[in-house]
Amino acid sequence: MLWLLFKESILFAWQSLVSNKLRSTLSLLGITIGIFAIILVFTIVDSLEGNIRGSLQSLGNNVVYIQKWPWSFGADYPWWKYINRPTPQYFELDEIAKRSKSTEALAYRLGGRRTLKYKSNAIENAVVAGVSYDFYKIKSFDLSAGRYFTRNETEAGYHVAIIGTEIAKGLFPNEDPIGKEIKIAGQKAVVIGVIKKEGESMLGVSFDYQVNIPFNFARYILDPRSMNADPVIYAKAKPQVSNAEMIDELTGILRSIRKLKPLAEPNFALNEISLLSQGFDALFSVIGIAGWIIGGFSILVGGFGIANIMFVSVRERINIIGIQKSLGARNSFILFQFLCESSLLSLIGGGFGLILTYFITLLAKSAMEMEIVLSGANIILGLSISVLIGIISGFVPAYTASQLDPVEAIRSN
Amino acid sequence: MKRPGLISVLCVLGYISIVISFPQVFSPQVKKLGVFMPALSGLLVAANFMAYVGIWYMKRWGAELFLSSYFLKTILDLLLAQMGLMFYSGQIFSIFFIIVLLRHYRRFDLNL
């Protein structure tokens, strides 16, 4: 019985929508734009958040970055307090390794942009990173060809290099790079390995565009004391050791190495991935709220449009309502019929909004090589908002229609 | 049936609260609570709105729907530990409204 009522109401609603195509289209435009705006923002935020969280995970949650500058978000960054701090030095890595009990691995890295050359091929401003031997224990990557450095190569500063996939493609379009001699800022180096393609990273740390060389070789190319080289010591905690415990120990060791007085401010920063996560959480929360406010009000306006069109629809069909009621149609049937019409109208509008969002995600994927996915959760959200706004905006007109007196309704023009 | 002035005022305030609470249905905070949470909380907002319409026309189903949606919403808020300023102000308003509805309960129309 209920199914028949539902089927009949949907049929009535469909006929009404089809007989007034232009009016229906215009009234559902508001909902289409509203759903499109809100779901697009949620989709972009979710996708960016997923990508960034994935990138952060790859950096390692149990790794602490010993640097000159602390990671911080916000406008009031007191840079003047940090500008005169010394940069982390390679000898400090050795000292920490000797004294630390909580770290599983320690590595040193400094970087810069230099020109790479192989015969007539050249890549300008390529990222060159000088790393210590244990770097592979901190940052996980696979090699598609060749091998990693030996301890002897890193410590003696052999002129060897491990290059990223995109660098390999640029310098050796038709050749196997292994064993070939390239020039890094004029210094010769033999390619011993190629890192497997990693893909784009939201944080700009993809190995695809990097050349890794032993630290003691990098000294000839990059200045470890320069702020531009951004030297960093990575410390990875042992499995049972928390980051907080490791930070406590590292603080003590570094204060001792740098001979800081007990009350002196530390002249180093111990940065954690969680600091970045917190910063991004705040950023995404702001974007999400902005999208929600813009989309929310678009939907609200769309809802008023639907309510308006439903009042017109009731007015136009007042005679039919009278006839239906005089033939025995119950108030609930009339109410249900108009509610179905408004919900259907809103659902179609929302559906178009979702389709539009889907096409935008495809466009973004092909144009920017960015992974933007319209998730099931966002589709459910879009459809439920559509039905909801349809019910809310159609209820008053539907209820008014259901309360009409059949005799007066038939007699009205 | 003539509608008491106090109920008219409370209904208007209720309509305003619906307009304010509607965008909250799909806010990032509610979305984080679960996939079906926006739909569920949206359904409660819709029920609340229908209840105000029913009360506006002095229908008993409106008062009953308001009571039911109030209890469901309170249970949901308690389960989700959503007890901020909005929760307490909503509680005060709803309890006052329920008292007013109960005082005039006999005057409400039994038909749809």
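Counting of residues starts from 1 at the beginning of each chain's written sequence and follows it residue by residue. Each chain is given a letter, starting from A, and each ligand a number, starting from 1, according to the order in which they appear as written. Two thresholds apply to this predicted model, a pLDDT of at least 70 for residue-level local features and 80 or more for giving and counting side-chain atom pairs, whereas whole-chain, interface and lining totals are computed over all residues. To obtain the side-chain values, all non-hydrogen atoms of the structure were included, while hydrogens and water were left out.

Asks: What's the story with the overall build of chain B in this structure? I'm lost.
Replies: Helix numbering and strand numbering both begin at the N terminus, where a helix is a DSSP run of H or I of at least 4 residues and a strand a DSSP run of E of at least 2. Within chain B, the regular secondary structure consists of five helices and zero strands. Put simply, chain B runs from its N terminus to its C terminus through helices and strands in the order α-α-α-α-α. Looking at chain B as a whole, 47% of its 112 residues qualify as buried. Should any heavy atoms of two residues lie within 4.5 Å, those residues are counted as being in contact. Within chain B, counting contacts between residues at least 6 apart in sequence, those at least 24 apart form 74% of the total. Calculation of accessible area relied on Shrake-Rupley with a 1.4 Å probe; when residues are assessed, cover is drawn exclusively from the protein chains displayed. Of the roughly 6200 Å² of accessible surface on chain B, a fraction of 71% belongs to carbon and sulfur atoms. Relative accessibility decides the category of a residue: with a 1.4 Å probe and only protein chains considered, values under 20% of the type maximum give buried, values over 50% give exposed, and everything between is partly exposed.

Asks: How do you make sense of the environment of Pro 231 of chain A when you look at a structure like this?
Replies: Residue and element names in this part refer to chain A. By the element assignment, Pro 231 lies in the loop between helix H7 (215-218) and strand S9 (232-237). Overall, the relative accessible area of 3% leaves Pro 231 in the buried class. Between the C-alpha atom of Pro 231 and that of Lys 68, which follows or precedes it by 163 residues, the distance is 8.2 Å. Excluding residues within four positions of it along the chain, Pro 231 makes contact with Ile 66, Gln 67, Thr 87, Pro 88, Tyr 108, Arg 109, Leu 110, Pro 224 and Ser 226.

Asks: Would you take a moment to explain the interface of chain A and chain B for this structure?
Replies: Interface size, as often reported, equals the accessible area lost upon joining of the parts. In this assembly, 26 residues from chain A lie in contact with 25 residues from chain B. Put simply, buried area is the surface a 1.4 Å probe can reach on two separate parts but cannot reach once they are joined, added for both. In total, about 2300 Å² of surface goes out of reach between chain A and chain B, with carbon and sulfur atoms giving 85% of it. The rule for a salt bridge is simple: a side-chain nitrogen of Lys or Arg has to be within 4 Å of a carboxyl oxygen of Asp or Glu. Where chain A packs against chain B, one counts zero salt bridges. Think of a polar contact as two N or O atoms within 3.5 Å of one another; within protein, one of them needs to be a possible hydrogen donor and the other a possible acceptor, and neighboring residues in sequence only count if both atoms come from side chains. Along the contact surface separating chain A from chain B lie zero residue pairs in polar contact (both at pLDDT 80 or more).

Asks: I'm lost on the confidence of the model for chain A in this one. Help?
Replies: Regions with low pLDDT carry predicted coordinates that are not meant to be interpreted in detail. The share of residues in chain A with pLDDT of 70 or more is 96%, and the mean pLDDT across the chain is 86. Here helix H1 (residues 2-19) of chain A is the element of chain A with the lowest mean pLDDT, 77, and strand S5 (residues 160-163) of chain A is the one with the highest, 95. Confidence scores labelled pLDDT are given residue by residue by the predictor and lie between 0 and 100.

Asks: Got a minute to help me understand the pairing of strand S3 (residues 121-131) of chain A in this structure?
Replies: On a regular strand, each side chain points to the face opposite its neighbour's, so the side chains alternate between the two faces of the sheet. Residue and element names in this part refer to chain A. Here a strand pair is declared whenever DSSP counts at least two bridges between the two strands. As paired strands, strand S2 (residues 103-118) and S3 are joined by nine bridges and run antiparallel to one another. Bridge pairing links Arg 114 to Ala 126 in S3. Hairpin connection of S2 to S3: two residues between the antiparallel strands, including Lys 119 at a positive phi of 50 degrees.

Asks: Just checking my understanding: could you explain empty space enclosed by the protein for this structure?
Replies: Remark: the empty space left among the atoms is shown by a probe the size of a water molecule rolled over them. Residue and element names in this part refer to chain A. Cavities and pockets were defined on a 1 Å grid built from protein atoms only: a cavity is a group of points that admits a 1.4 Å probe but offers it no way out, a pocket is an open group of points flanked by protein on both sides within 12 Å along at least five of seven lines, and a lining residue is one with an atom within 4 Å of any such point. Grid points are joined across faces, edges and corners, and a volume is the space filled by probe spheres set on the points. In the structure shown here, the tally under the stated rule is one cavity of 30 Å³ or more. Space inside the largest cavity adds up to approximately 40 Å³. If you go around the largest cavity, the residues you meet are Ser 16, Leu 17, Asn 20, Arg 23, Ser 24, Ile 309, Met 310, Glu 341 and Leu 345. When contributions to the lining of the largest cavity are tallied by element, the ones reaching two or more residues are H1, helix H2 (21-59), helix H9 (273-316) and helix H11 (331-368). Gly is put with the polar residues, along with every residue not named as nonpolar or charged; the nonpolar set is Ala, Val, Leu, Ile, Met, Phe, Trp, Tyr, Cys and Pro, and the charged set is Asp, Glu, Lys and Arg. In terms of residue class, the lining of the largest cavity is built from four nonpolar, three polar and two charged.

Asks: What is the right way to read the pattern of salt bridges from this model?
Replies: Side chains bearing opposite charge may pair, as long as their charged atoms lie close to each other. Residues and elements named next belong to chain A. Within this structure, the stated rule accounts for 15 salt bridges over all chains. Across the salt bridge formed by Arg 151 and Glu 155, the nearest N and O atoms sit 3.7 Å from each other. With Arg 151 and Glu 155 both in helix H5 (residues 151-156) and four residues apart, this pair spans about one turn of that helix. Since its relative accessible area comes to 48%, Glu 155 is described here as partly exposed. For Glu 166, the salt bridge goes to Lys 197, with nearest N and O atoms at 2.8 Å.

Asks: What am I meant to see in the confidence of the model for chain B here?
Replies: The predicted model of chain B has a mean per-residue pLDDT of 85, with 96% of residues at 70 or higher. Both scores are given for the predicted complex: the pTM is 0.69, the ipTM 0.84.

Asks: For this particular structure, what's the right way to read the packing of H9 of chain A against helix H12 (residues 376-402) of chain A?
Replies: Two measures define how a pair of helices packs: the angle their axes make with one another and the distance between the axes. Residues and elements named next belong to chain A. Simply put, an axis is a line fit to the C-alpha atoms, just over the touching stretch for a helix, and the angle between two N-to-C directions goes from 0 to 180 degrees. Between H9 and H12, whose axes approach to 9 Å, the crossing angle comes to 30 degrees. Crossing hand, H9 versus H12: right-handed. Between H9, through Ile 299, Gly 303, Ile 306, Ala 307, Met 310, Phe 311 and Val 314, and H12, the contact on the second element is made entirely by Ile 385, Ile 389, Ser 393, Gly 394, Val 396, Pro 397, Thr 400 and Ala 401. Each residue belonging to the contact of H9 with H12 can be placed in one class, and the counts come to eleven nonpolar, four polar and no charged. By convention, the crossing between two helices is left-handed when the near helix turns anticlockwise from the far helix through less than a right angle, and right-handed when the turn is clockwise.

Asks: For this particular structure, what's the right way to read unusual backbone geometry?
Replies: Most of the time, phi is negative for any residue but glycine, and the peptide bond is trans. Positive phi outside glycine occurs at Asp 230 of chain A, with the angle close to 45 degrees. Tracing the chain through its elements places Asp 230 of chain A in the loop between H7 and S9. By relative accessible area, which is 37% here, Asp 230 of chain A ends up partly exposed. Positive phi values are uncommon outside glycine, yet Met 58 of chain B reaches one of about 60 degrees. You can see Met 58 of chain B is positioned in the loop between helix H3 (37-56) and helix H4 (60-79).

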